[in-house]
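What follows is the residue order along each chain.
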Number of protein chains: 2
Amino acid sequence: MRIVSWNVNGIRAAIRKGIDGYFDSLDADIWMLQEVRALPEQLPKDWNWPEGYSVHLHPAEKKGYSGVTTISKDPMEIVQVGKNGEHDPNDSEGRVIVSKHGEMICINTYLPSGSNKVERQEFKEAWMEEWRQFIHPYLQLDTPVIVCGDLNIAHTEDDIWNPKGNARQSGFLPHERQWFSDLLDDGWHDVFREHVGEGVKTYSWWSNRGQARAKDRGWRIDYFLLNPAAKKAVKSVSIKREGGLEISDHAPVILDLEY
Amino acid sequence: MRIVSWNVNGIRAAIRKGIDGYFDSLDADIWMLQEVRALPEQLPKDWNWPEGYSVHLHPAEKKGYSGVTTISKDPMEIVQVGKNGEHDPNDSEGRVIVSKHGEMICINTYLPSGSNKVERQEFKEAWMEEWRQFIHPYLQLDTPVIVCGDLNIAHTEDDIWNPKGNARQSGFLPHERQWFSDLLDDGWHDVFREHVGEGVKTYSWWSNRGQARAKDRGWRIDYFLLNPAAKKAVKSVSIKREGGLEISDHAPVILDLEY
DNA sequence: CTTGGTATG
DNA sequence: CATAACAAG
């Protein structure tokens, strides 16, 4: 079973640029997309999600902003949208979908960016704490739980091209990095890091400014966090740095499980 | 002597699309441009107006909106910007430049569009009356006066592709057409129409919607209006329908005088 | 349908 | 630097 997490930076632009080719070639069982930036009715009328997939799109109230989508080759059950229910005023921004695929649970997450305004950094930090508590009960399940998405935080110095220069930037602040460590202490497994080991610098996002992408000046901010039940089933995790870069400023993260 | 009037629909986009080639090939002595949609400091730093020309850009207060520019191969004197002076509250939209080239006077005009909102149609109509009075004194001069620009009005059924279907559209309303007739009654010469004669349907603007341009469903809304002293010197007037269409939704109008 | 501004990332 | 909404034409 293959699961892909990908911040597509606008599904409509991604469609124009040929995301369908990636749906075909990567052939995942479950795709969790972030930053779709569209209402369902805004998708092109002559376009469809991959044939036969179940689709759930959870948009932000604000048009053209944020929004997550989970699609699944096999039928899925939508357990919850929004981290505290659909009418949670704290999730009118389309940031969480919880879906159930057989016994496995997936939590698709797009954590707020704090890099623009102080209010947004404060919002991000409140959101981080709520979300950490929200996912915590899932950790204990004996069945696999897959949390993934764009968390807008690079954890260690291995997860960012220039740790010194970015030490005061939102997304690499000491308390944000500590929060990520706390998640791991809770018991979540950052399976990409566990898979490749320490010291490997592989990024999942590059700024559009300058030549960041060409120079591989990136950040790893897109993650798979697994509970122990799911971790046991990991076959491999990779970041498809080579591909998808003409589609989005983020690369797809691919998780293969032995089911 | 050659004078060109052209609504460029954003000089910055026009530069990207290669307006310089037209500056070179048409080689006019005076260019009067409308809808430049830029402040002087917003023009690309690695770009210049044609070598040796005097330039005056009169922008709107609102960024990226309206604005006219007159450039002249020979030195010119800027007589006035705005139909009632620079600080006229009714001309903060960059719509008029009066320039003097030797004994000849040029009045570069971008008349408001009324096609979006009723308030703008009311603004347009007030502006039309003020402008008609503003240019009137120039009519009597024994020296040549060249009024030109985008007047956002098609005069007769020869000046629009579908007169019946547009009879209730701003730009072809009966009282707008009457206002244009009044200008001619005042003594201004619509030298393009006089040159080609009645019954010839040649347009200067095509909507970007549908296939208006490909189907030649246009309007003639860009004019040269000359006083009798200037009219005597007309060698030819033409609308460069074939060219310039990849630059703007308007075609350049070319006036050749025997000087 | 296109320009350009703005918000957001 | 890119996506998308918007205002304006």
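Residues numbered from 1 in each chain as written. Chains lettered and ligands numbered in written order. Predicted model: local features only at pLDDT ≥ 70, side-chain atom pairs only at ≥ 80, totals over all residues. Heavy atoms only, no water.

Structural notes on the overall build of chain A
Reasoning step 1: Of regular secondary structure, chain A possesses six helices and 14 strands.
Reasoning step 2: Over its C-alpha atoms chain A spans a radius of gyration of 17 Å, differing by no more than 12% from the 18 Å that the globule rule assigns to 259 residues.
Reasoning step 3: Along the longest, intermediate and shortest principal axes, the C-alpha atoms of chain A span 45 × 45 × 35 Å.
Reasoning step 4: Buried residues in chain A amount to 54% of all 259 residues.
Reasoning step 5: The long-range share in chain A, meaning contacts at least 24 apart out of those at least 6 apart in sequence, stands at 69%.
Reasoning step 6: Working note: accessible area of chain A is about 11500 Å², and carbon and sulfur atoms make up 47% of it.
Reasoning step 7: The averaged location of the 40 negative side-chain charges in chain A is 7 Å from the averaged location of its 31 positive side-chain charges. (Helix = DSSP H or I, 4+ residues; strand = E, 2+ residues; numbered from the N terminus. Rg over C-alpha atoms; globule rule 2.2 N^0.38 Å. Buried < 20%, exposed > 50% of the residue type's maximum accessible area, 1.4 Å probe, protein only. Contact = heavy atoms within 4.5 Å. Areas by Shrake-Rupley, 256 points an atom, 1.4 Å probe, with all protein chains shown as cover. Lys, Arg positive; Asp, Glu negative; His and termini not counted. Charge placed at Lys NZ, Arg CZ, Asp CG, Glu CD.)

Structural notes on the protein's contact with DNA strand C
Reasoning step 1: As a matter of local geometry, DNA strand C sits amid 22 residues, with Lys62 and Tyr65 of chain A together with Arg12, Lys17 and Arg37 of chain B nearest to it.
Reasoning step 2: What you see for DNA strand C is that sugar and phosphate hold 77% of its atoms within 4 Å of the protein.
Reasoning step 3: Within the backbone of Ala13 of chain B, one N or O atom sits 3.2 Å away from a phosphate oxygen of DNA strand C.
Reasoning step 4: At a separation of 3.0 Å, a sugar or linking oxygen of DNA strand C approaches a polar backbone atom of Asn208 of chain B.
Reasoning step 5: Here the surface near DNA strand C gets five residues from one element, more than from any other, and that element is helix 1 (residues 11–17) of chain B.
Reasoning step 6: When grouped by side-chain class, the residues that make up the surface near DNA strand C number four nonpolar, seven polar and eleven charged. (Near = heavy atom within 4 Å. Polar contact = N/O pair within 3.5 Å; in protein donor to acceptor, adjacent residues only side chain to side chain. Nonpolar A, V, L, I, M, F, W, Y, C, P; charged D, E, K, R; others polar.)

Some points on the protein's contact with DNA strand D
Reasoning step 1: Near DNA strand D you find 21 residues, and of these Lys17, Arg37 and Asn208 of chain A together with Tyr65 and Arg209 of chain B are the closest.
Reasoning step 2: Near the protein, meaning within 4 Å, the atoms of DNA strand D are sugar or phosphate in a fraction of 76%, with bases accounting for the rest.
Reasoning step 3: Lys117 of chain B is positioned with one of its side-chain polar atoms (N or O) 3.3 Å from a phosphate oxygen of DNA strand D.
Reasoning step 4: The greatest single-element share of the surface near DNA strand D, amounting to three residues, is contributed by helix 1 (residues 11–16) of chain A.
Reasoning step 5: Taken together, the residues of the surface near DNA strand D sort by class into three nonpolar, eight polar and ten charged.

Re the sheet that holds strand 14 (residues 253–257) of chain A
All names here are of chain A.
Reasoning step 1: If you walk across this open sheet you meet the six strands as 3-4-2-1-14-13, and the pairing is mixed. Here the strands that pair on one side only, and so sit at the sheet edges, are strand 3 (54–58) and strand 13 (234–239). Looking at each pair of strands side by side, their axes are set apart by 10° on average, direction ignored.
Reasoning step 2: As defined by bridge partners, strand 1 (residues 2–7) adjoins strand 14 across four bridges and the pair is classed as antiparallel. Counted as the bridge partner of Val4 is Ile254 from strand 14.
Reasoning step 3: Running over the sheet, helix 2 (residues 19–26) touches strand 1, strand 2 (30–34) and strand 14 and is turned about 150° from strand 2. (Pairing = 2+ DSSP bridges. Axes fitted to C-alpha atoms, helices over the stretch in contact; angles between N-to-C directions.)

Looking at the sheet that holds strand 7 (residues 104–110) of chain B
Residue and element names in this part refer to chain B.
Reasoning step 1: Strands sit in the order 5-6-7-8-12-9 across an open sheet of six strands; the sheet is mixed. At either end of the open sheet lies a strand with only one pairing partner, and these are strand 5 (77–81) and strand 9 (189–190).
Reasoning step 2: The pairing of strand 9 with strand 12 (residues 222–226) spans two bridges and is classified as antiparallel. Note on strand 12: the bridge partner recorded for His189 is Leu226.
Reasoning step 3: Across the sheet, helix 3 (residues 118–139) is in contact with strand 5, strand 6 (96–101), strand 7, strand 8 (145–150) and strand 12; its angle to strand 7 comes to roughly 175°.
Reasoning step 4: Packing of helix 4 (residues 174–186) onto the sheet brings it into contact with strand 9 and strand 12, and relative to strand 12 it is tilted by some 25°.

Things to note about the packing of helix 3 (residues 118–139) of chain A against helix 4 (residues 174–186) of chain A
All names here are of chain A.
Reasoning step 1: Two elements in contact, helix 3 and helix 4, have axes whose closest approach is 11 Å; the angle formed by their N-to-C orientations is 5°. In terms of axis orientation, helix 3 runs roughly parallel to helix 4. Contacts between helix 3 and helix 4 involve Gln121, Lys124, Glu125, Met128, Glu129, Trp131, Arg132, Ile135, His136 and Leu139 from the first element and His175, Glu176, Trp179, Asp182, Leu183 and Asp186 from the second.
Reasoning step 2: Classifying every residue of the contact of helix 3 with helix 4 by side-chain character gives six nonpolar, three polar and seven charged. (Parallel < 35°, antiparallel > 145°, perpendicular 65-115°, else oblique.)

Here we look at the environment of Val147 of chain A
All names here are of chain A.
Reasoning step 1: Residue position: Val147 is located in strand 8 (residues 145–150).
Reasoning step 2: In this structure Val147 comes out as buried when scored by relative accessible area, which is 1%.
Reasoning step 3: Spatially, the C-alpha atom of Val147 lies 28 Å from that of Arg16, the residues being 131 residues apart in sequence.
Reasoning step 4: Apart from the residues lying within four places of it in its own chain, the contact partners of Val147 are Ile107, Trp131, Trp188, Tyr223, Phe224 and Leu225.

Details of unusual backbone geometry
Reasoning step 1: For Asn9 of chain B, which is not a glycine, the phi torsion comes out positive at approximately 50°.
Reasoning step 2: With respect to the secondary-structure elements, Asn9 of chain B resides in the loop between strand 1 (2–7) and helix 1.

Examining the pattern of salt bridges
Reasoning step 1: Throughout the structure, instances matching the rule amount to 32 salt bridges over all chains.
Reasoning step 2: A salt bridge links Arg132 of chain B to Asp182 of chain B; its shortest N-O distance comes to 3.9 Å. A residue pair is termed long-range when its members are at least 10 positions apart, and Arg132 of chain B in helix 3 and Asp182 of chain B in helix 4 qualify at 50 residues.
Reasoning step 3: According to the relative accessible area criterion, Asp182 of chain B is partly exposed, its value standing at 22%.
Reasoning step 4: Linked through salt bridges whose partners overlap, the residues forming this network are Glu129, Arg132, Asp182 and Asp186 of chain A. (Salt bridge = Lys/Arg side-chain N within 4 Å of Asp/Glu carboxyl O.)

Focus on helix 3 of chain A
Residue and element names in this part refer to chain A.
Reasoning step 1: For helix 3, spanning 22 residues, the distance from its first C-alpha to its last is 32 Å, which sits close to the expected 32 Å at 1.5 Å a residue.
Reasoning step 2: Considered for burial, the residues of helix 3 that qualify are Gln121, Lys124, Trp127, Met128, Trp131, Phe134, Ile135, Tyr138 and Leu139. End-on, the buried residues of helix 3 take up no more than an arc of 150°, which puts them together on one face. For helix 3, the exposed residues lying more than 90 degrees away from the buried face are Val118, Glu122 and Gln133. (Expected span 1.5 Å × (residues − 1). Arc of directions from axis to C-beta.)

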